[in-house]
Amino acid sequence: MKSDKLIRIAIRSIIRTKMRSILTMLGIIIGVGAVICMVAIGQGAQSRIEQSILNLGVNMVVITPGTSSSGGVSRGAGSLNRLQVADAEKLAEEGMLLSAVSPVTMTGGRIRGGGGNWHAPLYGVDVTYENIRDWPVATGQWFDQSDIRSARKVCLLGSTVASELFPDQDPVGQQIIVRDVPFDIIGVLESKGQTASGDNQDDCVIAPYTTVQKRLAGRQFIAQILGSAWSPEDVPAAMEEATTIMRESHSLADWEDDDFTVRNQSDLADAATGTTEVMTLLLAAIAGISLLVGGIGIMNIMLVSVTERTREIGVRMAVGARPGDILRQFLVESVVLSILGGVVGVALGYGGSWLVAYLTGWPTAIDTVAVGVALGFSATVGIFFGFWPARKAAGLDPIAALRYE
Amino acid sequence: MSKANAVITLRDLNKTYAMGRNQVHALRGIDLTITAGEMVAIMGASGSGKSTLMNIVGCLDRPTSGTYELDGERVDGLSRKQLADIRNNHIGFVFQSFNLLARTTAQENVELPLLYDRSDRKIDPVAAAREALERVGLGDRRDHQTNELSGGQQQRVAIARALVTAPSLLLADEPTGNLDTQTSMEVLALFQELNDRGLTIAMVTHENDIAAYARRIVELRDGLIIRDEPVADRRTAKRGLSSSVAV
């Protein structure tokens with residue numbers, strides 16, 4: 001029989017029993033809807049979690065001065081400082097796995113401004129520091145390349161410094177004086193809170209490293225170099241690469257130890273990868289179970305349907321339906337039901353994840369792959385769970401079927 | 001009765017069922033020929049084998065031994081698939097309990113057999129169903145659902161469904177069993193009219209009153225034909241009907 005006839009027969013009998021068809025589809029509708037919703041919510045949650053972990057500096061590669069020892073007595077970290085701006089420039093230029101590099105010089109002291117005074121560290125950084133630390137401004141703007149080149153006396157205030165010195169006013173456009181050097185405030189950074197070890201990250205002032213070196217630090221060597229790998233997975237390779245470049249930059253011979261230290265926030269990176277894996281596993285489990293339950297629902301109702309429609313099957317056979325026709329009719333019916341259910345489920349999933357996004361403010365993302373997989377899977381479920389009932393229907397004896405009460 | 005226009009030829013037909021350890025001989029050597037244009041009533045008490053005969057003649061079942069020719073072709077020993085095609089092309093069924101599809105219009109019910117038509121006859125289902133419904137006087141009820149029709153009308157829809165594939169044989173199993181006297185007459189009048197136009201009809205009944213409308217009576221008992229004779233005083237159903245019935 002032609003497939004268009006077959007589909008017409010199946011659709012006719014689905015329409016004839018609207019209520020039962022809807023109930024049959026309900027399992028698949030909820031299954032597919034749940035899958036799409038869960039994947040969307042899960043991805044939203046995942047990107048949320050990743051965002052917060054990235055915020056802590058998962059991608060970050062930190063290069064600090066090495067240690068020196070004299071006569072077997074270590075002089076501690078930073079005792080041998082040969083880090084220079086040139087190292088940072090070389091890393092930025094040759095580091096394929098680093099998306100951004102910034103030198104960091106540190107100084108500090110008494111800060112006057114807004115009629116008060118305060119003590120805070122002053123960091124001299126490059127413009128890339130904004131991306132490496134993921135630290136945008138709350139008001140005003142970040143300094144740019146030309147500020148770096150011409151070592152302009154501009155700065156950004158951490159939110160703690162801003163609220164201490166300028167409690168009731170907008171600091172942008174005003175001046176602070178750090179150790180007799182005046183800086184124009186061009187922005188206030190967003191609040192970042194405390195580090196895991198309890199340091200208040202917002203209690204600082206940030207300025208171009210050129211300015212800090214020239215006006216305040218006056219030193220050739222810098223405190224650290226911050227780099228950012230392209231992704232958390234790239235961090236170990238990026239660290240190796242940075243080590244090679246640094247050794248080259250410092251012209252170290254093979255037998256010499258590193259005169260610097262490359263570190264990362266590996267526990268954070270592990271947490272990020274771990275979270276992603278758990279999330280994926282959880283979602284896959286939920287998806288599988290919901291679709292399985294939906295499929296069993298279809299099989300259940302199709303089996304009941306075969307019993308209930310025994311006479312109809314008898315009539316169809318009497319007027320000339322081959323066993324194969326009956327098999328295909330029931331198979332097409334369950335596939336049409338599950339695909340229809342899948343389509344409605346996708347719509348429900350879209351609606352559901354929109355609602356979740358609306359209520360929680362999470363960035364739920366509908367995954368087109370998830371939609372495709374859910375639809376494909378629901379059709380497969382229709383064939384798989386529809387086959388047994390269909391074969392049962394096709395195997396009926398027409399005489400017994402016609403007499404069935 | 002020449003062999004050339006025989007619709008059904010049964011020779012030494014046997015059917016044996018296995019019921020546990022016992023063998024039940026439902027048919028024991030039936031010889032029967034039905035020619036084109038006949039209207040045969042098959043009679044017998046329950047257990048006489050008339051239902052088994054009906055099922056075999058209707059190609060719903062296969063004989064244990066013996067031969068069955070339908071329209072000059074052997075059909076005993078065909079597969080389930082082939083039997084389905086024979087039923088579709090050669091036989092129209094009318095049942096006691098109508099057996100229409102529920103929540104389906106008369107038109108769609110009549111179209112049903114044509115959905116399974118694999119012959120190269122290329123019958124247009126919609127037009128053929130319309131014509132068949134007009135032949136049974138239900139041209140104006142095409143779009144009515146099955147449950148909106150009376151018993152007599154439902155049986156006429158079933159007759160239209162049997163006719164739509166232009167079969168060589170109409171098989172009716174107690175066609176008036178669920179109908180009152182008046183509508184029974186309507187259905188019998190329709191059968192007689194179709195038969196007068198050349199349709200071959202075989203009708204199973206246990207009522208002498210109904211059998212009297214056929215042209216020939218075949219009676220079975222214990223799997224054997226015990227009577228096969230023409231109806232002496234054939235009744236005409238139309239006479240008993242008021243002129244308002246459209247047949």
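Keep in mind the model is a prediction, meaning the values are calculated, not measured. (Residues numbered from 1 in each chain as written. Chains lettered and ligands numbered in written order. Predicted model: local features only at pLDDT ≥ 70, side-chain atom pairs only at ≥ 80, totals over all residues.)

Participant: Is there a simple way to think about the overall build of chain A in this case?
Facilitator: Within chain A, the secondary structure is distributed over 13 helices and 11 strands. Of all intrachain contacts in chain A linking residues separated by at least 6 positions in sequence, the fraction that spans at least 24 positions is 81%. (Helix = DSSP H or I, 4+ residues; strand = E, 2+ residues; numbered from the N terminus. Contact = placed C-beta atoms within 7 Å.)

Participant: Mind showing me how you'd approach the overall build of chain B here?
Facilitator: Assigned secondary structure in chain B consists of seven helices and 10 strands. A burial count over chain B gives 46% of its 247 residues as buried. For chain B, contacts bridging at least 24 residues in sequence account for 70% of all contacts bridging at least 6. (Buried ≥ 20, exposed ≤ 12 C-beta atoms within 10 Å, placed from the backbone.)

Participant: Can you help me understand the pairing of strand β2 (residues 22–35) of chain B in this one?
Facilitator: On a regular strand, each side chain points to the face opposite its neighbour's, so the side chains alternate between the two faces of the sheet. All names here are of chain B. Pairing analysis gives 11 bridges linking strand β1 (residues 6–19) to β2, with the strands arranged antiparallel. Bridge pairing links L13 to I30 in β2. Linking two consecutive strands that pair antiparallel, namely β1 and β2, is a turn of two residues; a positive phi of about 65 degrees is found at G20 within it. (Pairing = 2+ DSSP bridges.)

Participant: I tried to follow helix α5 (residues 151–163) of chain B on my own but got confused; where do I start?
Facilitator: Residue and element names in this part refer to chain B. Relative to the 18 Å expected for 13 residues at 1.5 Å per residue, α5 spans 18 Å between its end C-alpha atoms, a close match to the ideal helical length. Among the 13 residues of α5, 12 are classified as buried, and the element is accordingly described as predominantly covered. Among all positions in α5, only G152, Q153, Q154, Q155, R156, V157, A158, I159, A160, R161, A162 and L163 are buried. Residues of α5 that are buried sit in contact with β6 (91–94), α3 (106–115), α4 (125–135), β7 (169–173) and α6 (181–196). (Expected span 1.5 Å × (residues − 1).)

Participant: Explanation requested: helix α3 (residues 85–94) of chain A in the structure shown.
Facilitator: The periodicity of an α-helix, 3.6 residues per turn, causes residues three or four places apart in sequence to face the same way. Residue and element names in this part refer to chain A. Within α3, burial applies to D87, A88 and L91. Buried positions in α3, seen along its axis, are confined to an arc of 100 degrees and lie on one side of it. Facing away from the buried side of α3 by more than 90 degrees, the exposed set consists of A86 and E93. On the buried face of α3, the contacting elements are β3 (98–113), β10 (224–229) and α8 (235–249). (Arc of directions from axis to C-beta.)

Participant: Help me understand the sheet that holds strand β3 (residues 39–43) of chain B, please; the structure alone is not making it clear to me.
Facilitator: To summarise the sheet geometry, strands pair through backbone hydrogen bonds and adopt either a parallel or an antiparallel arrangement. Residue and element names in this part refer to chain B. Spatial strand order, β6-β7-β8-β3-β9-β10: six strands in an open sheet with mixed pairing. In the strand order of this sheet, the two ends are held by β6 and β10 (224–230), each with one partner. When strand polarity is set aside, the average angle formed by the axes of neighbouring strands in this sheet is 20 degrees. In the sheet, β7 pairs with strand β8 (residues 201–204) via four bridges, with the strands oriented parallel. Within β8, the position partnered with A172 by the bridge is M203. Where α5 meets the sheet, its contacts fall on β6 and β7, and the angle it forms with β6 comes to roughly 170 degrees. (Axes fitted to C-alpha atoms, helices over the stretch in contact; angles between N-to-C directions.)

Participant: Sorry, what's going on with the environment of A:P136 here?
Facilitator: Residue and element names in this part refer to chain A. Relative to the elements of secondary structure, P136 occurs in the loop between α4 (129–132) and β5 (137–140). Looking at P136, the number of C-beta atoms within 10 Å reads 12, which means it is exposed. Expressed as a C-alpha distance, the spacing of P136 and G187, which sit 51 residues apart in the sequence, is 9.7 Å. Not counting chain neighbours up to four residues away, the residues in contact with P136 comprise E130 and E190.

Participant: How should I be thinking about the interface of chain B and chain A in this particular structure?
Facilitator: Where the parts come together, the accessible area they lose is often given as the size of the interface. The interface is formed by 20 residues belonging to chain B together with 18 residues belonging to chain A. Secondary structure elements with two or more residues in the side of chain B that touches chain A: α2 (80–90) and α3 of chain B. The element best represented in the side of chain B that touches chain A is α2(B), accounting for six residues. Split into classes, the residues belonging to the side of chain B that touches chain A amount to nine nonpolar, four polar and seven charged. (Nonpolar A, V, L, I, M, F, W, Y, C, P; charged D, E, K, R; others polar.)

Participant: Would you take a moment to explain the sheet that holds β2(B) for this structure?
Facilitator: Spatially, β2-β1-β4-β5 (chain B) is the arrangement adopted by the four strands of the open sheet, whose pairing is antiparallel. Two strands bound the open sheet, and with one partner strand each, they are β2 and β5 (73–74) of chain B.

Participant: Is there a simple way to explain the environment of A:G66 in this structure?
Facilitator: Residues and elements named next belong to chain A. Within the secondary structure, G66 is located in strand β1 (residues 60–70). By C-beta crowding, G66 is classed as buried, having 20 other C-beta atoms within 10 Å. Residues G66 and V262 lie 196 residues apart in sequence; the distance between their C-alpha atoms is 9.1 Å.

Participant: In this structure, what is going on with the confidence of the model for chain B? I would like to understand it.
Facilitator: Should pLDDT be low for a region, the predicted coordinates there are not to be read in detail. Residues and elements named next belong to chain B. Summarising the model, chain B shows a mean pLDDT of 90, and 95% of its residues fall at 70 or more. Counting interchain partners and residues more than four positions distant, the pLDDT-below-50 stretch residues 243–247 has seven contacts. Prediction confidence for the complex, expressed as pTM and ipTM, is 0.67 and 0.91 respectively. (pLDDT = per-residue confidence, 0-100.)

Participant: What's the story with the packing of α3(B) against α5(B) in this structure? I'm lost.
Facilitator: How two helices sit against one another is set out by the angle between their axes and by the gap between those axes. All names here are of chain B. Packing of α3 against α5 brings their axes to within 7 Å, and their N-to-C directions diverge by 30 degrees. In this view, α3 runs roughly parallel relative to α5, as classed from their interaxial angle. The handedness of the crossing between α3 and α5 comes out as right-handed. On the side of α3, the interface is formed by A106, N109, V110, L112 and P113, while α5 contributes V157, A160 and R161. Considering only residue class, the contact of α3 with α5 consists of six nonpolar, one polar and one charged. (Parallel < 35°, antiparallel > 145°, perpendicular 65-115°, else oblique. Left-handed = near helix turned anticlockwise from the far one by under 90°.)

Participant: Which parts of the structure should I look at to understand unusual backbone geometry?
Facilitator: Note: most residues except glycine have negative phi, and most peptide bonds are trans. All names here are of chain B. The phi torsion at F98 lies on the positive side, around 65 degrees, for a residue other than glycine. As for its placement among the helices and strands, F98 is situated in the loop between β6 and α3. In this structure, R103 is a non-glycine residue whose phi angle is positive, near 50 degrees.

Participant: Whenever I open this one, the packing of α3(B) against α4(B) confuses me. Can you help?
Facilitator: Residue and element names in this part refer to chain B. Where α3 contacts α4, the two axes come as close as 9 Å, and the packing angle between them is 125 degrees. By the angle between their directions, the pair α3 and α4 is classed as oblique. For the pair α3 and α4, the crossing hand works out as right-handed. Residues A106, Q107, V110, E111, L114 and L115 of α3 form the contact with α4, whose own contacting residues are P125, V126, A128, A129, A132 and L133.

Participant: Looking at this model, I keep getting lost on the environment of B:Q153. Mind explaining?
Facilitator: All names here are of chain B. For Q153, the location among the structural elements is in helix α5. Between the C-alpha atom of Q153 and that of V187, which follows or precedes it by 34 residues, the distance is 9.2 Å. With residues near it in sequence (within four places) discarded, Q153 still touches L138 and R141.

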